[in-house]
Amino acid sequence: MKKDIKLYLVLPVYNEEEILELNIKIIQKFFADLVREGEIDADSRILLVDDGSTDRSWEIISKAHTDHPMIEAVRLSRNEGHQTALYAGMREAYLSKTETVITMDADLQQDIHAIPRFLQAYRDGADIVSGIRSSRKTDGLLKRGSASIFYRCMQLLGCEILPDSADYRLLSSRALASLMQFEERDLFLRGLIPSLGFRTALVEFEVSERAGGKSKYTLSKMIKLGMSGITSFSIRPIRLIFLLGFLVLLASGGMMIHILWDYLHGNTVSGWSSILASIWLLGGIGIFSIGLVGEYVGRAYMEAKKRPLYFVEERLE
Ligand code: UDP
Ligand code: MG
């Protein structure tokens, strides 16, 4: 007999009035079926996080809450962005002492029918179940291209990101509790969550077109997310400056010999040697020093995040 799982399903919402009413209906029905089939406990909840919508979204959410007691909601005081809205929802779930939390987008582009597979992976022992897009055919060429370059860069910079992962995932209570120990403001969940460790499973899911409304991920929000991803996980860009400075200093040593050689053999016009020597030497020292200062700044930055050093997975007492 399967053990019922207490689940919080967290959905961030930002100005989704065109599709929200219908989507809540679909989600609510699917959720009620999961309860009836004994997949999840009757205490499970759908948690809608209104990320400071300015349209009728909150009105729709309030009505859904009145009609269905299993629907809970929080409304953020202003638009904080997808990642913060997800975090806010997970925090609520954590405070409600849930056994598991699943996050997914309220536009239902991510196939809700994958949820039983997430739950199965959890039953099989995974603490983190990450949704992986089976294809990117619904994305435009620009989004697809930029996403693949971005994932490649992130991996090169040393972040353990899963390619084609989405913020459609399940966390067990202990993975959730670990995530809540992070105090940083600059959230990039796709990088943070793999860094937790724990047993991780992957579940492929289909992505469909939006049923209505427009993507709320404007280009500027996407760039902001990408920059957060890179800067919050890696100080390698600074190390590259340091390396560049070192290489220029080395090259300037070679140039010194070359300049001196030309000078001694009288192959130069007057002033050439001193100008060229100072350009190379000062340039090298300059870049190297910036890199060196950057190394300290980068370390101070990483320390300032006060990330937890480790998480205990098991304890025998
Ligand atoms: N969203 C949010 N705050 C924002 C932007 C988006 O809560 O500032 C929500 C949005 O309502 C949706 C989910 O995050 O439920 C994903 O956004 P969207 O569908 O616009 O992104 P895309 O699928 O186009 O990448
Ligand atoms: Mg979407």
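Residues numbered from 1 in each chain as written. Chains lettered and ligands numbered in written order. Predicted model: local features only at pLDDT ≥ 70, side-chain atom pairs only at ≥ 80, totals over all residues. Heavy atoms only, no water.

Visitor: An account of the overall build of the protein chain is needed here, citing residue identities and associated values.
Guide: Looking only at helices and strands, the protein chain features 10 helices and seven strands. For the protein chain, whose C-alpha radius of gyration is 26 Å, the value lies well above the compact-globule estimate of 20 Å for 317 residues. Across its three principal directions, the C-alpha atoms of the protein chain cover 95 × 55 × 35 Å. Each of the 317 residues in the protein chain was classed as buried or not, and the buried ones make up 45%. In the protein chain, 82% of the contacts between residues at least 6 apart in sequence involve partners at least 24 apart. Of the accessible surface of the protein chain, which amounts to about 17,200 Å², a share of 61% is contributed by carbon and sulfur atoms. (Helix = DSSP H or I, 4+ residues; strand = E, 2+ residues; numbered from the N terminus. Rg over C-alpha atoms; globule rule 2.2 N^0.38 Å. Buried < 20%, exposed > 50% of the residue type's maximum accessible area, 1.4 Å probe, protein only. Contact = heavy atoms within 4.5 Å. Areas by Shrake-Rupley, 256 points an atom, 1.4 Å probe, with all protein chains shown as cover.)

Visitor: Outline the packing of helix 9 (residues 236–264) against helix 10 (residues 272–304), supporting the account with residue identities and numerical values.
Guide: Remark: helix 9 packs on helix 10, axes separated minimally by 8 Å, with the N-to-C direction vectors making an angle of 165°. In terms of orientation, helix 9 lies roughly antiparallel with respect to helix 10. The chirality of how helix 9 crosses helix 10 is left-handed. Of the residues belonging to the contact of helix 9 with helix 10, the class tally is 22 nonpolar, eight polar and four charged. (Axes fitted to C-alpha atoms, helices over the stretch in contact; angles between N-to-C directions. Parallel < 35°, antiparallel > 145°, perpendicular 65-115°, else oblique. Left-handed = near helix turned anticlockwise from the far one by under 90°. Nonpolar A, V, L, I, M, F, W, Y, C, P; charged D, E, K, R; others polar.)

Visitor: Which residues make up the pattern of salt bridges, and what values do they have?
Guide: Per the stated rule, a full pass over the model turns up 18 salt bridges. A salt bridge links Glu 16 to Arg 210; its shortest N-O distance comes to 3.0 Å. Of the two residues, Glu 16 sits in the loop between strand 1 (7–13) and helix 1 (17–36) while Arg 210 sits in the loop between strand 7 (200–205) and helix 8 (219–233), which places them 194 residues apart along the sequence. One exposure class covers both Glu 16 and Arg 210, and it is buried. The residue Arg 174 makes a salt bridge to Asp 127 at a minimum N-O spacing of 2.9 Å. Note that Arg 174 is positioned in helix 6 (residues 173–179) and Asp 127 in the loop between helix 4 (115–123) and strand 5 (128–133), a separation of 47 residues in sequence. Take Asp 127: its relative accessible area is 5%, and that puts it in the buried class. Salt bridges linked by common partners bring Glu 16, Asp 107, Arg 210 and Lys 216 together as one network. (Salt bridge = Lys/Arg side-chain N within 4 Å of Asp/Glu carboxyl O.)

Visitor: Break down the coordination of the magnesium ion (ligand 2) for me, with residues and values.
Guide: Ideal geometry at a metal gives 109.5 degrees between four tetrahedral donors and either 90 or 180 degrees between six octahedral ones. Ligation of the magnesium ion (ligand 2) by protein atoms is provided by Asp 107 (OD) and Gln 109 (OE1), these donors lying 1.9 Å from the ion. The same class applies to Asp 107 and to Gln 109, which are both buried. (Donors = N, O, S within 2.8 Å, 3.2 Å for Na, K, Ca; no water.)

Visitor: Residues and numbers for the environment of Lys 143, please.
Guide: One can find Lys 143 in helix 5 (residues 141–156). Discounting chain neighbours no more than four positions away, the residues touching Lys 143 are Ser 215 and Met 222.

Nothing here speaks to function; it is geometry throughout.
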